[in-house]
Amino acid sequence: MSYLKFDRRLMANLDESTQREYIRTNRKGAYCCSSIVGCNTRKYHGVLVVPIPTLSPNNHVLLSSLDLTIVQHGVPFNVGIHEYEGDVFSPKGHKYIREYNVDVVSSMTYRVGGVLLRKEFIFCHYVNRALIRYTLLEAHSQTTLRLSPFLAFRDVKMLTHRNDQLDGSYQEATSGVSFCLYPGYPRLYLQLSKQGRFVSDAHWNERIEYIKERERGYEYTEDLYVPGYFELDIEVGESIYFSAGLDEADPRSFAQLFDEELAMRTVREDFRSCLLNSALQFYYRPDATHGYLLAGYPWFGVRARDLFVALPGCSIYADAPERYYRIMDTAIPELRNFMNQVSISEEIRGINEPDVGLWAVWALQQYAAWSSPADMVSRYGDFLDELIHYYLRNVHPNLRIDETGLCYILGDGKPLSWMDAKIDGQAVVRREGYLVEVNALWYNALCFYREVLPSRWTPELEELVGRVQTSFCRTFINEHGYLFDYVLPHHPQDWSVRPNMIFAASLPYSPLPKSTRRSVVEIVTRELRTPKGLRSLSPKSEGYQPQCHGTQLQRERAYYNGSVWPWLLGAYFEAYLKLYGRGAFSFIERTLIGMEEELQEHGVGTISELFDGNPPFKGRGAISFAMSVGEILRSLHLLQQAQAAYDTQTLPMIRYE
């Protein structure tokens, strides 16, 4: 039985099918994305969306969609679908869909009278090429296919409209044609594995609407250029391949290329295999030596904090340690350049954020737990030493270690932590001074440094770590049994209940006594836990926003004032396991059921960036988010590790000072 399969009833219900989206990437920054019914609902959607750095830092939609028309007895049945002005869907190709399956590749089966046709889609690895295979399964008379490309040639953050600047000319290619609509763009080659004919019938399809952009308060209407259509006959049992790429290919190779790509895929047959596939999609290799994790799809680039948080789950806990090595070997020189005030690459953003180095230490700590402390030291020990002493030198532009031993973050109103929503450049949640998760990470980093590099540990550092622990408890623990989210001296205290305190209870080294850790976990469970993650603000706190929708302004206000963040489950589960041991197993398993259900929803086969704070906890933001996927994969590892330890009558490693 297929794990990710949608039947005709769901596909025919556009209220449901247009809300579910798929994403396929090629590890070079390009992707294909749409709703599962094939109706583009975002300006980011397209069959071939590629980076063109010479034009802008964003991706660019070249081929927006490819309409398929099945012709029998001279009667055309267009099985494509678009939404036009006035909530009009045309053509209504969804009514011909019998099933949609994404267990291995995206596969859609159409029934048109006596015709049964299967369409399969593959996005090739490391090259900007989309391949579609059409296979005629049944037919009682001659069948002809027409393929109509809808061209955009635009930045993903823009929309195109009918204009006179477009170059509608095309050049012949082997079994196809190529286009370049505007200067600066590469040529787009559209080719078929079987010789057909291209019929020039240039026109604009006007007033196509993207409902997701309308919901988000952006411009949502676009005109797309359709240069004509390909037409060719197909026999029962025959497969025809369509290729969209940035260079001309040999059509005779399409069948072999498709099979080779197919053989590289991992079947999505359960929760973990879906997450493994999703983790791989974030992997970005712009060249032969560098590697990154993209923060999410369809609109994120490489963000330093997200990279380090997601890295353990998306590499070593995704059975891909080589991915960890490549990404660390790319990121460490960038961090060194920042620490030495040398210019850094534009590829990775936010490396100057004050907590990024501490998350890097945490990522090294995860590697040491997976491999061994000795292995970590041999590979990354010198870098760890440099990083710790960089913070101790108090030269970071936004962070200093003060007399308490704690990290004090300086700000001018801009976001200074992962809670980075802003309006007019100013943080929506203005967290300054002593931030609870930053100082928990700082204490943990010092203790980890002492553990793995004892020869470099000094009496001064021993005094410092004791001072940090004492100051942490004195600064953050309040009389109600939870931790302040941040403390800004000489300012009124914010008593909001937020999830960042969970890190003080979850990290391998905690500055808290066990009674406080238990109290923190209990309050987080009672006020912040949901089936999809932890709320960013308790419903009991002032300013709680239960839904994250509407205009950009409305969403910015809601992101960290109640929206649910799945990535926080990693720290929450870790803290819960340490406190409750065997008693945590069934609780965590039940919670993960809520995440497994999500694979059928917003982003099919992956996990969204965030969710509404109230039921039904609708998925919001990016349809696939690296920190969400990475931390759920790490959570699965933590649970399996703890279960195995108890099965063999040994306890998992729990370290507290």
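Here the structure is shown first, and the text comes after it.
Report on the accompanying structure. (Residues numbered from 1 in each chain as written. Predicted model: local features only at pLDDT ≥ 70, side-chain atom pairs only at ≥ 80, totals over all residues. Heavy atoms only, no water.)

**With respect to the overall build of the protein**
What counts here: Secondary structure is summarised from DSSP: a helix means a run of H or I of at least four residues, a strand means a run of E of at least two, and numbering begins at the N terminus for each. Restricting the calculation to C-alpha atoms gives the radius of gyration, and the globule rule supplies 2.2 Å times the number of residues raised to the power 0.38. The classification of residues rests on relative accessible area computed with a 1.4 Å probe and restricted to protein chains. Under 20% of the type maximum is buried, over 50% is exposed, and intermediate values are partly exposed.
Broken down by element type, the protein carries 17 helices and 36 strands. Over its C-alpha trace the protein gives a radius of gyration of 26 Å, about what one expects of a compact globule, namely 26 Å for 657 residues. Taking the principal axes of the C-alpha coordinates as reference, the protein spans close to 85 × 50 × 45 Å. Taken across its 657 residues, the protein has 63% of its residues classed as buried.

**Regarding the environment of A584**
Threshold: Contacts: residue pairs with any heavy atoms within 4.5 Å of one another.
Positionally, A584 belongs in the loop between α15 (569-580) and α16 (585-598). Considered as a pair, A584 and Q643 are 59 residues apart in the sequence and their alpha carbons are 9.9 Å apart. Leave out the neighbours within four places in its chain, and A584 touches Y576 and L577.

**Topic: helix α7 (residues 321-339)**
Cut-off, in case you're wondering: Here the expected length of a helix is defined as 1.5 Å per residue gap, with one fewer gap than residues.
For α7, spanning 19 residues, the distance from its first C-alpha to its last is 26 Å, which sits close to the expected 27 Å at 1.5 Å a residue. Of the positions making up α7, those classed as buried are R323, Y324, Y325, I327, M328, T330, A331, I332, E334, L335, F338 and M339.

**Quick word on the pairing of strand β5 (residues 59-72)**
The condition is simple: When DSSP finds two or more bridges between two strands, those strands count as paired.
The buried count for β5 comes to 14 of 14 residues, which makes it a mostly enclosed element. Pairing analysis gives 4 bridges linking strand β4 (residues 46-51) to β5, with the strands arranged antiparallel. In the sheet register, V49 faces β5, and the bridge partner there is V61. As paired elements, β5 and strand β6 (residues 75-78) share 4 bridges and run antiparallel to each other. The residue bridging Q72 from the neighbouring strand is V75, located in β6. Linking β5 back to β6 in an antiparallel pair, the connection comprises 2 residues, with H73 at a positive phi of about 55°.

**A closer look at the packing of helix α8 (residues 356-370) against helix α10 (residues 436-452)**
The criterion, for reference: Only the stretch in contact is used when fitting a helix axis, every axis being a line fitted to C-alpha atoms; angles between N-to-C directions are given from 0 to 180 degrees. Should an angle fall under 35 degrees it is taken as roughly parallel, and over 145 as roughly antiparallel, whereas 65 to 115 is taken as roughly perpendicular and any remaining angle as oblique. Handedness of each helix crossing follows the sense of rotation of the near helix against the far helix: counterclockwise by less than a right angle gives left-handed, clockwise gives right-handed. In this count, Pro and Cys sit with the nonpolar residues alongside Ala, Val, Leu, Ile, Met, Phe, Trp and Tyr, while Asp, Glu, Lys and Arg are called charged and the others, Gly among them, polar.
Two numbers describe how α8 lies on α10: the axes approach to 9 Å, and their chain directions differ by 50°. Judged on the interaxial angle alone, α10 and α8 are oblique. Remark: the crossing between α8 and α10 carries left-handed chirality. Residues L358, W359, V361, W362, L364, Q365 and A368 of α8 form the contact with α10, whose participating residues are V438, L441, W442, N444, A445 and F448. Across the contact of α8 with α10, the residue classes tally to 11 nonpolar, 2 polar and no charged.

These results come straight from atomic positions and should not be treated as a statement about function.
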